[in-house]
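Coordinates in review
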Amino acid sequence: MSLPFPDDFAFGVATSAYQIEGAVDVDGRCPSVWDHFCTVPGAVRDGHDGSIACDHYGRLAEDVDLIAGLGVDAYRFSTAWPRIVTAPGHIEERGLAFYDRLVDALLERGVAPWLTLFHWDLPLWLHHRGGWLDRSIADHFAEYTEAVVGRLGDRVKHWITFNEPQCVFGLGHVRGVHAPGLRLDMATVSRAIHHGLLAHGRAVSVIRDRVPDAKVGWAPVAFVDYPVRPEARGVAAAATFRLPQGDEWPFNNTWFTDPVGLGQYPEGADPNLWRGLPAGWERDLETIGAPLDLWGLNIYRGRPVDVGPDGELVLVSRVPGHGETLMGWSVDPECLYWGPRFFCERYGKPVAITENGLASMDWVHHDGTIPDLGRVDYLVRHLHALRRAIADGAEVLGYFQWSLMDNFEWELGYAKRFGLVHVDFETLERTPKESYARYAALCHSRGATLPEDVAPLR
Ligand code: FCB
């Protein structure tokens with residue numbers, strides 16, 4: 001008899017505003033840093049941009065039908081800050097009205113909205129005022145949150161403040177490959193990160209004040225080092241929460257997640273990170289570390305590790321030909337077993353997998369089908385691992401497959417298809433892939449169609 005998922009476990013699917021909405025100059029929306037970044041020659045593959053994307057803005061009803069057809073319990077989407085605060089002090093009613101319609105349409109079909117406030121589309125006017133480098137961004141984020149919560153808080157009960165700060169700062173402010181395309185030194189980025197965390201904390205308190213029954217969380221990337229044998233569990237947990245290191249420094253958990261989860265930055269981190277913190281940073285920690293109800297974890301892959309004879313960390317090399325997605329990301333279902341456990345243990349809060357999925361080779365076949373069996377297998381393996389984590393004590397509230405439909409994959413344009421639904425970017429026609437039907441069966445059966453055992457990945 002297979003282990004069931006808990007009754008209140010949310011099977012879900014996720015998207016974000018800039019990646020699907022299009023309609024960038026409709027209903028008073030102002031430009032975002034991404035609209036601008038897409039105009040920089042060479043910044044985005046093939047010069048693509050999100051101006052049309054999936055035209056979700058114009059096809060709301062059709063897309064909600066697709067969501068409902070999956071039988072999911074929940075839909076994670078983001079509201080676009082540039083639709084809502086379009087100029088200093090100006091709240092755009094038409095932007096709010098769009099999300100109002102979305103939320104009602106979801107609720108009518110029994111799908112719970114999980115709303116993300118910031119999934120990377122910063123209004124360009126705010127960037128021109130210093131963006132994340134200026135402390136006032138936290139006030140602006142609180143004002144934006146007020147507007148969204150005031151309008152939707154009566155119906156939206158799951159709130160995620162910030163998506164993947166590691167990518168916003170690491171890709172957008174260190175490497176310059178995401179908007180706003182900056183390459184700044186470590187100390188300067190440390191200041192920006194602190195403002196990002198403060199903005200998160202301010203939003204949490206706005207939501208708490210206005211929606212007493214809200215479940216509030218955020219959605220960092222969870223970098224997971226997982227043990228290849230039980231003896232390596234300790235080094236794997238330590239490596240998962242290692243300090244920022246080398247050129248890869250922004251791509252760590254601890255510098256971002258400890259202030260939020262433990263109310264303190266990790267001791268021993270690079271002095272430049274400490275030096276960059278703005279004056280009075282200590283006084284912000286209470287706001288930043290305000291308790292959350294849930295931790296969103298975006299997990300796509302992990303890193304296998306072992307313990308050496310002297311208790312040291314050993315990175316395990318993968319066998320030649322190990323499964324890899326079209327992003328070049330290795331397939332590591334064990335990250336959905338260990339990731340939730342490690343995060344539950346360190347921060348003492350329930351988690352939800354707010355993103356997990358893959359880009360695969362999904363074109364419409366000659367007979368009209370899209371047999372994306374790699375995605376089906378990925379889904380099965382990852383949910384299987386997650387179910388084991390739950391059985392072994394991790395408190396997991398839900399799972400959101402990334403993504404509902406193929407969409408604008410940031411600097412890679414439309415080249416990578418992550419959807420359960422195929423989108424023809426010329427006609428905007430939506431065609432459910434094989435994985436859509438299989439995930440629907442899984443959701444409808446609440447996981448009962450998952451096999452008992454899965455063979456190891458080869
Ligand atoms: C995550 C992002 C999401 C999407 C997936 C593939 O890093 O949060 O918007 O691009 O990767």
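Going by the structure above, here's the rest.
Right, let's walk through the structure included here. (Residues numbered from 1 in each chain as written. Predicted model: local features only at pLDDT ≥ 70, side-chain atom pairs only at ≥ 80, totals over all residues. Heavy atoms only, no water.)

Some remarks on the overall build of the protein
- When its secondary structure is counted, the protein shows 16 helices and 15 strands.
- Taking 458 residues into account, the globule formula puts the C-alpha radius of gyration at 23 Å, and the protein, at 21 Å, falls close to it.
- The principal-axis extents of the C-alpha atoms in the protein amount to approximately 55 × 55 × 45 Å.
- Buried positions account for 60% of the 458 residues belonging to the protein.
- A separation threshold of at least 6 residues defines the contact pool for the protein, and within that pool the share at least 24 residues apart is 77%.
- Entry remark: accessible area of the protein is about 17200 Å², with carbon and sulfur atoms responsible for 52%.
- The positive charge centre, built from 42 side chains, and the negative charge centre, built from 62, are 2 Å apart in the protein. (Helix = DSSP H or I, 4+ residues; strand = E, 2+ residues; numbered from the N terminus. Rg over C-alpha atoms; globule rule 2.2 N^0.38 Å. Buried < 20%, exposed > 50% of the residue type's maximum accessible area, 1.4 Å probe, protein only. Contact = heavy atoms within 4.5 Å. Areas by Shrake-Rupley, 256 points an atom, 1.4 Å probe, with all protein chains shown as cover. Lys, Arg positive; Asp, Glu negative; His and termini not counted. Charge placed at Lys NZ, Arg CZ, Asp CG, Glu CD.)

Focus on the site of the ligand
- Surrounding the ligand, one finds Q19, H119, W120, N163, E164, Y300, E355, W402, E409, W410 and F418.
- The contact in question runs from an oxygen atom of the ligand to an N or O atom on the side chain of E355, over 3.0 Å.
- The separation between an oxygen atom of the ligand and a polar side-chain atom of W410 is 2.9 Å.
- Notes on the ligand: free accessible area 290 Å², of which the protein chains cover 94%.
- Tallied by class, residues from the shell around the ligand come to five nonpolar, three polar and three charged. (Near = heavy atom within 4 Å. Polar contact = N/O pair within 3.5 Å; in protein donor to acceptor, adjacent residues only side chain to side chain. Nonpolar A, V, L, I, M, F, W, Y, C, P; charged D, E, K, R; others polar.)

Concerning the sheet that holds strand β10 (residues 302-307)
- Taken together, the three strands give an open sheet; going across it, the order is β8-β10-β11, and neighbouring strands pair in mixed fashion. Of all the strands in the sheet, just β8 (224-227) and β11 (313-315) have a single pairing partner and so form its edges. Here the average twist between neighbouring strands, direction ignored, is 45 degrees.
- Bridge count between β10 and β11: three bridges; the pairing is antiparallel. Across the sheet, the residue bridging to V305 is L315, located in β11.
- Together, β8, β10 and β11 form the strand contacts of helix α10 (residues 233-240), whose direction differs from that of β8 by roughly 175 degrees. (Pairing = 2+ DSSP bridges. Axes fitted to C-alpha atoms, helices over the stretch in contact; angles between N-to-C directions.)

Observations regarding helix α16 (residues 434-444)
- The complete set of buried residues in α16 reads S435, Y436, Y439, A440, L442 and C443. An end-on view of α16 places all buried positions within 160 degrees of arc, on one side of the element.
- Taken together, the buried residues of α16 touch β1 (10-14), α3 (60-70), α15 (373-391), β13 (396-402), β14 (421-423) and β15 (430-432).
- One or two residues past the end of α16 sits R446, with phi positive at roughly 55 degrees. (Arc of directions from axis to C-beta.)

Digging into the packing of aromatic side chains
- Tallying each qualifying case throughout the model produces 45 aromatic pairs.
- For the pair Y265 and W274, a centre-to-centre distance of 6.1 Å together with 75 degrees between the ring planes defines the contact as edge-to-face.
- Overall, the relative accessible area of 3% leaves Y265 in the buried class.
- Note that R388 overlies the ring of Y337, its terminal NZ or CZ placed 4.6 Å from the centroid. (Phe/Tyr/Trp six-rings, centres within 6.5 Å; stacked < 30°, edge-to-face > 60°. Lys NZ or Arg CZ within 6 Å of the ring centre and 35° of its normal.)

Looking at the packing of α3 against α16
- Where α3 contacts α16, the axes come no closer than 8 Å and their chain directions differ by 55 degrees. Relative to α16, the element α3 is oriented oblique. Along its contact with α3, which presents D65, L66, G69 and L70, the element α16 presents Y436, Y439, A440, C443 and H444.
- Here the residues of the contact of α3 with α16 are counted per class, giving six nonpolar, two polar and one charged. (Parallel < 35°, antiparallel > 145°, perpendicular 65-115°, else oblique.)

Points about the sheet that holds β13
- Read around the barrel, eight strands follow the order β1-β2-β5-β6-β7-β9-β12-β13 and close on themselves; strand pairing throughout is parallel. Taken pair by pair, the neighbouring strands of this sheet meet at an average axis angle of 25 degrees, ignoring direction.
- Relative to strand β9 (residues 294-298), strand β7 (residues 215-219) runs parallel, the two being bridged by two bridges. Counterpart to W218 in the pairing with β9 is W295.
- Contacts from helix α9 (residues 186-210) reach β5 (112-118), β6 (158-163) and β7 within the one sheet, and its direction differs from that of β6 by about 165 degrees.

Here's the deal with the state of the cysteines
- This model, assessed by the stated rule, comprises zero disulfides.
- Sulfur of C54: no disulfide; nearest cysteine sulfur belongs to C38 and is 14 Å away.
- Judged by relative accessible area, C54 falls into the buried class, the value being 0%. (Disulfide = S-S within 2.5 Å.)

Examining the nonpolar core
- Ranked by size, the top nonpolar core spans 138 residues in total, and within it W34, W81, W132, W159 and Y439 carry the most contacts.
- Considering each element in turn, this core owes the most residues, ten residues, to α9.
- In this structure, W34 is in contact with Y18, V44, W120, H178, A179, F408, W410 and E411, ignoring residues within four places of it in sequence.
- Formed by 19 residues, the second largest nonpolar core is a distinct cluster that contains Y300, A359, F400 and F418. (Core = buried A, V, L, I, M, F, W, Y, C linked by side-chain atoms within 4.5 Å.)

Description of helix α11 (residues 254-262)
- Buried residues dominate α11, accounting for seven of its nine residues.
- Phi turns positive, to about 70 degrees, at G263, one or two residues after α11.

Re the pairing of β13
- With six of its seven residues buried, β13 lies for the most part within the structure.
- Bridging between β1 and β13 involves five bridges; their strand directions are parallel. Its bridge partner lying in β13, A14 is registered against W402.
- Pairing of strand β12 (residues 351-355) with β13, which is carried by two bridges, proceeds in the parallel orientation. Residue V351 lies in a different strand from β13, and its bridge partner there is V396.
- Taking the sense of rotation as the criterion, the β-α-β connection linking β12, α15 and β13 turns out right-handed. (Right-handed = clockwise from strand over helix to strand, strands pointing away.)

This is a description of form; function is not addressed.
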